Amino acid sequence: MDRLLQLEVFAKTAELGSLSKAAEILRMSNAAASRHLSALEERLAVRLIERNTRRQWLTEAGQELLQRCSTLLNELAEAEDAVSDRALSPKGMLRVTSSLSFAMIYLAPMLPAFRALYPDLSVQIISANRYLDFIEAGIDVAIRTREQEPDSNIIVRRIGQMHRVLAAAPSYLEKHGHPEHPADLARHNMLIYNLANDPYSLRLSQGSTTQTVRIAPTLDSNDGQIICGAARAGLGILIQPIYIVQNDIAAGRLVPVLMGWELPLLTMNIAYQNRVRLPAKIRVFSDFLVTHIRDHSEPGIWIDATK
C-alpha cells in the first residue's frame, strides 16, 4: 500500500478532524481511507488517532508524526508544482469564497476571460458573508474586508479601499425627507448590514468634525443584496460599499444622502494560506482579479487599488 498516500490520509484527517472529510477531499471512499490509516498505524506499530463516537484526537505519537509529515507533504507538493507544467498552466480546482455581492459584481463576470487563459483550471465559488475556515472548508482564496487575520498563517494582499455610502430610493426620500445632519438618521428607517463592525453605530466625518450616531434597524440582514432590494423598494436608508450600489445610483433607483459626510473606508483584501511556495493557481487567480478590478471598475470606486 502506498506509504505516501497513507501519510496524506493521516495528515488530512488530522487537519480536518474527520476521516470522512479527508476521504472526500482526497476523492476516495471512507472505507479506503480507513484502510490506509489502519495500515499506517500497523506499519508504525503505534496508535496515531484515538476516536470514539463523538470525536477524535491525536495521540502524542500522532502529533509528532503530523508535525513532521505535514512539512514533508507540503514540500513535496511544491516541488511537483515547480517542475510540472502547472507552473505555466495551472490545473485542478480552485475554491474561492467571497460575499454574494462581490461574487456577482466581480468574480462571475471575470470568469470567462480567466478560463480562456487557464482552461484546465476549474473554479468553485462559495458565497458566504461569514469568514470560512480555510482548512475545514478547503478554501484556496478568500475575499475579505478585514485588514488583519487572527491566524498568522494567513497572508493578506490588499486589493484597495472604497467609500461606503448612505442612499435611499426617491420614493422614500419624497415621503420622509432628506437627512440634513448625521443626527437626523436616528429618526429615519435604517437598513443595516449586521455583519459590519459595530453595525448600529455610524461614525461620520466632515473635515475635522466627527459625529457618532446610534441607529436602530428597520431591517437588518447579513446580505447586502437583501438590503439593496429593500432600499430600492422604498423601505429606508442603506449603508453599503459604493461598488454594490453604483449601478442603482447611476440609474436613479437610489439617491445618496449626507454627501458632505464620510463613513470610514472599507478595505478589501485577498487572503490565502501561507506557503513556502505559493501554488500557481492561487497566484494567477489573485493577479488576474486585481487586474480585472483595476481595468473594469468605474472611476472613483476604488481608492489606492493595487497596481
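Residues numbered from 1 in each chain as written. Predicted model: local features only at pLDDT ≥ 70, side-chain atom pairs only at ≥ 80, totals over all residues. Heavy atoms only, no water.

- The chain has the name LysR family transcriptional regulator in an unreviewed UniProt entry, where Bradyrhizobium betae is given as its organism.
- The UniProt entry for the chain carries this comment under Function (unreviewed entry): "NodD regulates the expression of the nodABCFE genes which encode other nodulation proteins. NodD is also a negative regulator of its own expression. Binds flavonoids as inducers."
- Reading the Sequence similarities (unreviewed entry) entry of the UniProt record for the chain gives the comment "Belongs to the LysR transcriptional regulatory family." (UniProt positions renumbered as here; feature names shortened; annotations may be inferred.)

Description of the overall build of the chain
Point 1. What the chain contains, in helices and strands, is 10 helices and 15 strands.
Point 2. Considering only contacts within the chain whose residues lie at least 6 apart along the sequence, 71% involve residues at least 24 apart.
Point 3. Surface accessibility of the chain: about 16,200 Å² in total, with carbon and sulfur atoms responsible for 49%.
Point 4. Once the 33 positive and 33 negative side-chain charges of the chain are each reduced to a mean point, those two points are 2 Å apart. (Helix = DSSP H or I, 4+ residues; strand = E, 2+ residues; numbered from the N terminus. Contact = heavy atoms within 4.5 Å. Areas by Shrake-Rupley, 256 points an atom, 1.4 Å probe, with all protein chains shown as cover. Lys, Arg positive; Asp, Glu negative; His and termini not counted. Charge placed at Lys NZ, Arg CZ, Asp CG, Glu CD.)

Some points on the pairing of strand 14 (residues 266–273)
Point 1. Within strand 14, 7 of the 8 residues are buried, which leaves it mostly tucked inside the rest of the structure.
Point 2. The pairing of strand 5 (residues 141–144) with strand 14 spans 3 bridges and is classified as antiparallel. Across the sheet, Ile143 pairs through a bridge with Ile270, a residue of strand 14.
Point 3. In this sheet, strand 14 lies alongside strand 6 (residues 154–162) in antiparallel orientation, the contact comprising 8 bridges. Each bridged residue has a counterpart across the sheet, and for Arg158 the counterpart in strand 14 is Asn269. (Buried < 20%, exposed > 50% of the residue type's maximum accessible area, 1.4 Å probe, protein only. Pairing = 2+ DSSP bridges.)

With respect to the sheet that holds strand 14
Point 1. Strand order in the open sheet made by the 6 strands is 4-3-5-14-6-15, with mixed pairing throughout. Strands with a single pairing partner mark the edges of an open sheet, and in this sheet they are strand 4 (121–127) and strand 15 (302–303).
Point 2. Set on the sheet, helix 5 (residues 100–117) makes contact with strand 3 (92–98), strand 4, strand 5, strand 6, strand 14 and strand 15; between it and strand 4 the angle comes to about 175°. (Axes fitted to C-alpha atoms, helices over the stretch in contact; angles between N-to-C directions.)

Comments concerning the packing of aromatic side chains
Point 1. Taken as a whole, this structure holds 7 aromatic pairs when the rule is applied.
Point 2. For the ring pair Phe102 and Tyr106, a centre distance of 5.1 Å and an interplane angle of 40° mean the geometry is tilted. With Phe102 and Tyr106 both in helix 5, this residue pair falls 4 residues apart, about one helical turn. Per residue, the accessibility class of Phe102 equals that of Tyr106, and both read buried.
Point 3. Among the aromatic residues, those joined into a cluster by ring pairs are Phe102, Tyr106, Tyr243 and Trp302. (Phe/Tyr/Trp six-rings, centres within 6.5 Å; stacked < 30°, edge-to-face > 60°.)

Regarding the environment of Asp220
Point 1. Following the sequence through the fold, Asp220 ends up in strand 11 (residues 217–221).
Point 2. For Asp220 and Ala196, which are 24 residues apart along the polypeptide, the C-alpha to C-alpha distance reads 11 Å.
Point 3. The contacts of Asp220, once residues within four sequence positions are left out, are Ile192, Asn194 and Tyr200.
Point 4. Within the structure, Asp220 has its side chain in polar contact with the side chain of Tyr200 (distance 2.7 Å). (Polar contact = N/O pair within 3.5 Å; in protein donor to acceptor, adjacent residues only side chain to side chain.)

Topic: the domain arrangement of the chain
Point 1. Split into domains, the chain comes out as domain 1 (3–81), domain 2 (92–159 + 267–298) and domain 3 (162–266).
Point 2. Look at where the C-alpha atoms of domain 2 and domain 3 centre, and you get two points 28 Å apart.
Point 3. Facing the 13 residues of domain 2 at the interface are 12 residues of domain 3.
Point 4. For the pair domain 2 and domain 3, the summed buried area comes to about 980 Å², and 56% of that belongs to carbon and sulfur atoms.
Point 5. Along the contact surface separating domain 2 from domain 3 lie 2 residue pairs in polar contact (both at pLDDT 80 or more).
Point 6. Put simply, the parts of the chain that give the side of domain 2 that touches domain 3 at least two residues each are helix 5 and strand 14.
Point 7. It is helix 5 that provides the largest number of residues to the side of domain 2 that touches domain 3, a total of 6 residues.
Point 8. A breakdown of the residues in the side of domain 2 that touches domain 3 according to their chemical character gives 6 nonpolar, 5 polar and 2 charged. (Domains from an automatic or database assignment. Buried area = accessible area lost by both parts, 1.4 Å probe. Nonpolar A, V, L, I, M, F, W, Y, C, P; charged D, E, K, R; others polar.)

Focus on the environment of Ser205
Point 1. Within the secondary structure, Ser205 sits in strand 9 (residues 201–206).
Point 2. When its relative accessible area of 22% is taken as the criterion, Ser205 is described as partly exposed.
Point 3. As for Ser205 and Gly260, which are separated by 55 residues in sequence, their C-alpha atoms are 8.6 Å apart.
Point 4. Each residue touching Ser205, except ones within four places of it in the same chain, is listed here: Thr210, Gly260, Trp261 and Glu262.
Point 5. Within the local environment of Ser205, its side chain forms a polar contact with the side chain of Thr210, the two groups lying 3.3 Å apart.

A short note on helix 3 (residues 30–44)
Point 1. The terminal C-alpha atoms of helix 3, which comprises 15 residues, lie 21 Å apart, in line with the 21 Å expected from a rise of 1.5 Å per residue.
Point 2. When we look at burial in helix 3, the residues that qualify are Ala32, Ala33, His36, Leu37, Leu40 and Glu41.
Point 3. A positive phi of about 55° marks Ala45, the residue just after helix 3. (Expected span 1.5 Å × (residues − 1).)

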